[in-house]
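Listed below are the residues making up each chain.
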Amino acid sequence: MTIKLDETEKQPAAAPDICLTNVYRAHSDDLVETADERRLFSVGGTTGIGAGVASDEDGDGVPIIDLAQPAEVVEEELWKAANDVGFFNVNHGIPQEVIDGMFEQSITFFDQTVSEKKEQCPFDRALNSGYEFKEQIRPSSGRPDQKESYHISPRAGAMDDRWPTKPTTLRGFAETAMIPEAHQLSMRILSSLERRGCTHLEPGTLEQAITLWGEHSRSCLRILRYPPMTVEENEEMQVPGNVHWRAAPHTDFSCLSLLFQREGEEGLECRANPRSAVGSGDKAKWLPVNPVKGGISVNIGDMLSHWSDGELFANLHRVRMPRDASECAKSRYSIGYFTQADDSHVIVTKNGDPITAGDYIKMRLKANFK
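S.K.: Honestly, the overall build of the protein chain in this entry has me stumped. Any pointers?
M.R.: Scanning the protein chain for helices and strands turns up 10 helices and 14 strands. For the protein chain, restricting intrachain contacts to residue pairs at least 6 apart in sequence, the fraction spanning at least 24 positions comes to 79%. If you sum the accessible surface of the protein chain, you get close to 15100 Å²; carbon and sulfur atoms cover 50% of it.

Laid out in structure tokens, this is it:
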């Protein structure tokens, strides 16, 4: 999954004046994915592959795929989208009241003090569960993402003493509505991508590798809030040498990621696959991934890219900082569902050494949280 830089992206930038202890604490990791993110940091936060304003002026935007079409049509469109842009939106079939209800639970939860949320839902990095506030430091930036999130891991024991007391309904809603619906949709998309992207696997391997609430389950439902800030704070965090992001450029750890957004809360952006016509040469650019009414944004994660020997591409994405006073003044909410193989499952590729999914994820988590 090595990304080739365009000539314009190879220009060095002045080294940011910050402590690198947290950024490079995982040097022992040899994952290509982590190295790619560190390389973004080495070329600076205001120039290079991690910089640039997202634009869709050429119409090469994020495609929308209707999953109600015949299976062979859906499979072809998913394959093309996964290889051209790397992100796509799907019209999906999850009831809108489930999505709206989960956002309501999220807003109520985040409308508490940081100390209240930490006390109710202490974060456990090993289990990837609980609440964190600006603790994620991407290798691409070296600075904390300007967000808070609550990780719900459908794994036996992972959520013990980590469910919030406010709202009391969040647990039941997540367990019985949001997670089952998101999991079912993820399995449908993965099965379609597996047929062309992982030809060395027996059909159904990916679905069998991913379970819910088992001893080794590893998928995660994550609710996120990007807090408001003053215009002055926003300006200070975009000064060269002190560049912050709401979420710095990164790839996901997962096999597949579903991202639920709310209309009117833009900011997610992706970089088109540099191996495609859309992303190559002088057309390499960042594209907005704006909320689509009735749609869910989907992207390939590192685990599936690794499993497919790079046939399926995990592309970089980010959440930009607010552009004006209006965006500064309000929170931005999103919900992510990250489908990951069980810890005990061995990822077998055509060209690489076998690795358990658990070891793979541990290395990625180690490089991303302080």
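Moving on, there is more to tell.
S.K.: Please explain the environment of L221 as it appears in this structure.
M.R.: For L221, the location among the structural elements is in strand β5 (residues 220–226). Placed 43 residues apart in sequence, L221 and M178 show a C-alpha to C-alpha distance of 8.4 Å. Ignoring any residue separated from it by four or fewer positions in sequence, one finds L221 in contact with M102, Y150, H151, I152, A174, M178, I179, I335, G336 and Y337.

S.K.: Quick question: what am I supposed to make of the confidence of the model for the protein chain here?
M.R.: When pLDDT is low, close inspection of the predicted coordinates is not appropriate. Mean pLDDT over the protein chain works out to 84, with 80% of the residues at or above the 70 mark. Every residue in residues 1–30 is under pLDDT 50, and counting partners more than four places away or in other chains gives 62 contacts. Segment residues 40–51 is flagged for pLDDT under 50; beyond a separation of four residues in sequence, or across chains, it makes 40 contacts in the model.

S.K.: What is the right way to look at the nonpolar core in this model?
M.R.: Side chains that are nonpolar tend, in soluble globular proteins, to be buried together. Of all hydrophobic cores here, the largest spans 62 residues; its most connected members are Y150, I189 and L258. Residue contributions to this core peak at 11 residues, all from helix α5 (residues 170–197). Core analysis: the next-biggest nonpolar cluster, separate from the first, contains 13 residues, V85, F87, L224 and L287 among them.

S.K.: Before we go on, may I ask you to explain the side chain of S331 in this structure?
M.R.: If you trace the backbone, S331 turns up in the loop between α9 (325–328) and β12 (332–339). A polar side-chain atom of S331 sits 3.0 Å from a polar atom in the side chain of R225. Once you skip the residues sitting within four places of it in the chain, S331 turns out to touch R225, Y226, P227, P228 and E265.

S.K.: Which parts of the structure should I look at to understand unusual backbone geometry?
M.R.: A negative phi angle characterises most non-glycine residues, just as the trans form characterises most peptide bonds. Between K166 and the following residue, P167, the backbone shows a cis peptide bond with an omega angle of -5°. Here P167 is to be found in the loop between β4 (148–152) and α5. Residue D161 is not a glycine yet carries a positive backbone phi of 60°. With respect to the helices and strands, D161 occurs in the loop between β4 and α5. The exposure class assigned to D161 is exposed, which follows from its relative accessible area of 73%. Unusually for a residue other than glycine, W213 sits at a positive phi of about 65°. Inspection of the secondary structure puts W213 in the loop between α6 (205–209) and β5.

S.K.: Would you mind showing me how to read a negative patch on the surface here?
M.R.: Judged by side-chain charge, E232, E233, E235 and E236 come together as a negatively charged surface patch. Turning to its location among the elements, E233 is positioned in helix α7 (residues 231–236). E233 sits in the partly exposed class, given a relative accessible area of 41%.

S.K.: What exactly am I supposed to notice about the packing of helix α3 (residues 96–110) against α5 here?
M.R.: Two quantities define a packed helix pair, namely the angle between the helix axes and the distance between the axes. Interhelical geometry of α3 versus α5 gives an angle of 145° and a closest axis separation of 10 Å. Here α3 runs over α5; the crossing is left-handed. Along its contact with α3, which presents E97, V98, G101, M102, Q105 and F109, the element α5 presents L170, F173, A174, A177, M178 and E181. Split by residue class, the contact of α3 with α5 holds eight nonpolar, two polar and two charged.

S.K.: Is there a simple way to think about the side chain of R155 in this case?
M.R.: Looking at the secondary structure, you find R155 in the loop between β4 and α5. Polar side-chain contacts of R155 include one of 3.2 Å to the backbone oxygen of E215. Residue contacts for R155: discarding those within four places in its chain leaves L127, W213, G214, E215, H216, S217, R218 and D343.

S.K.: What exactly am I supposed to notice about the sheet that holds strand β10 (residues 295–300) here?
M.R.: Strand-to-strand pairing in sheets goes through backbone hydrogen bonds, with the strands running parallel or antiparallel. The strand order across the open sheet formed by eight strands is β1-β2-β10-β7-β12-β5-β4-β3, and the pairing between neighbours is mixed. Looking at strand neighbours, the two that pair on one side only are β1 (64–66) and β3 (130–133), the edges of this open sheet. When strand polarity is set aside, the average angle formed by the axes of neighbouring strands in this sheet is 25°. Inspection of the sheet shows strand β2 (residues 87–91) paired to β10 by five bridges, in the antiparallel sense. Looking at the pairing, V90 lines up with I296 of β10.

S.K.: Would you take a moment to explain the packing of aromatic side chains for this structure?
M.R.: Any aromatic ring pair is given by two values, namely how distant the centres are and how the planes are angled relative to each other. On inspection of all chains with the given rule, the structure shows four aromatic pairs. Between F109 and Y131 the ring centres are 6.0 Å apart and the planes differ by 75°, which places this aromatic pair in the edge-to-face class. Of this pair, F109 sits in helix α3 while Y131 sits in strand β3; the two residues are 22 residues apart in sequence, bridging distant segments of the chain. Pairwise contacts between aromatic rings join F109, F110, Y131, Y150 and Y333 into one cluster. Residue placement shows R262 over the ring face of F103; its charged tip is 5.8 Å from the ring centre. Above the plane of the ring of W286 lies R318, whose end atom (NZ or CZ) is 3.9 Å from the centre.

S.K.: How do you make sense of the sheet that holds strand β6 (residues 247–250) when you look at a structure like this?
M.R.: Pairing is antiparallel in the open sheet, where four strands are placed in the order β6-β11-β8-β9. Looking at strand neighbours, the two that pair on one side only are β6 and β9 (286–288), the edges of this open sheet. Pairwise comparison of adjacent strand axes, ignoring direction, gives a mean angle of 20° for this sheet. Where β6 meets strand β11 (residues 317–319), two bridges bridge the pair, whose relative direction is antiparallel. The residue bridging H250 from the neighbouring strand is H317, located in β11.

Thresholds, definitions, all that
- Residues numbered from 1 in each chain as written.
- Predicted model: local features only at pLDDT ≥ 70, side-chain atom pairs only at ≥ 80, totals over all residues.
- Heavy atoms only, no water.
- Helix = DSSP H or I, 4+ residues; strand = E, 2+ residues; numbered from the N terminus.
- Contact = heavy atoms within 4.5 Å.
- Areas by Shrake-Rupley, 256 points an atom, 1.4 Å probe, with all protein chains shown as cover.
- pLDDT = per-residue confidence, 0-100.
- Core = buried A, V, L, I, M, F, W, Y, C linked by side-chain atoms within 4.5 Å.
- Buried < 20%, exposed > 50% of the residue type's maximum accessible area, 1.4 Å probe, protein only.
- Polar contact = N/O pair within 3.5 Å; in protein donor to acceptor, adjacent residues only side chain to side chain.
- Patch = residues over 30% accessible without salt bridge, like charges linked within 9 Å, V, L, I, M, F, W, Y side chains within 5 Å.
- Salt bridge = Lys/Arg side-chain N within 4 Å of Asp/Glu carboxyl O.
- Lys, Arg positive; Asp, Glu negative; His and termini not counted.
- Charge placed at Lys NZ, Arg CZ, Asp CG, Glu CD.
- Axes fitted to C-alpha atoms, helices over the stretch in contact; angles between N-to-C directions.
- Left-handed = near helix turned anticlockwise from the far one by under 90°.
- Nonpolar A, V, L, I, M, F, W, Y, C, P; charged D, E, K, R; others polar.
- Pairing = 2+ DSSP bridges.
- Phe/Tyr/Trp six-rings, centres within 6.5 Å; stacked < 30°, edge-to-face > 60°.
- Lys NZ or Arg CZ within 6 Å of the ring centre and 35° of its normal.

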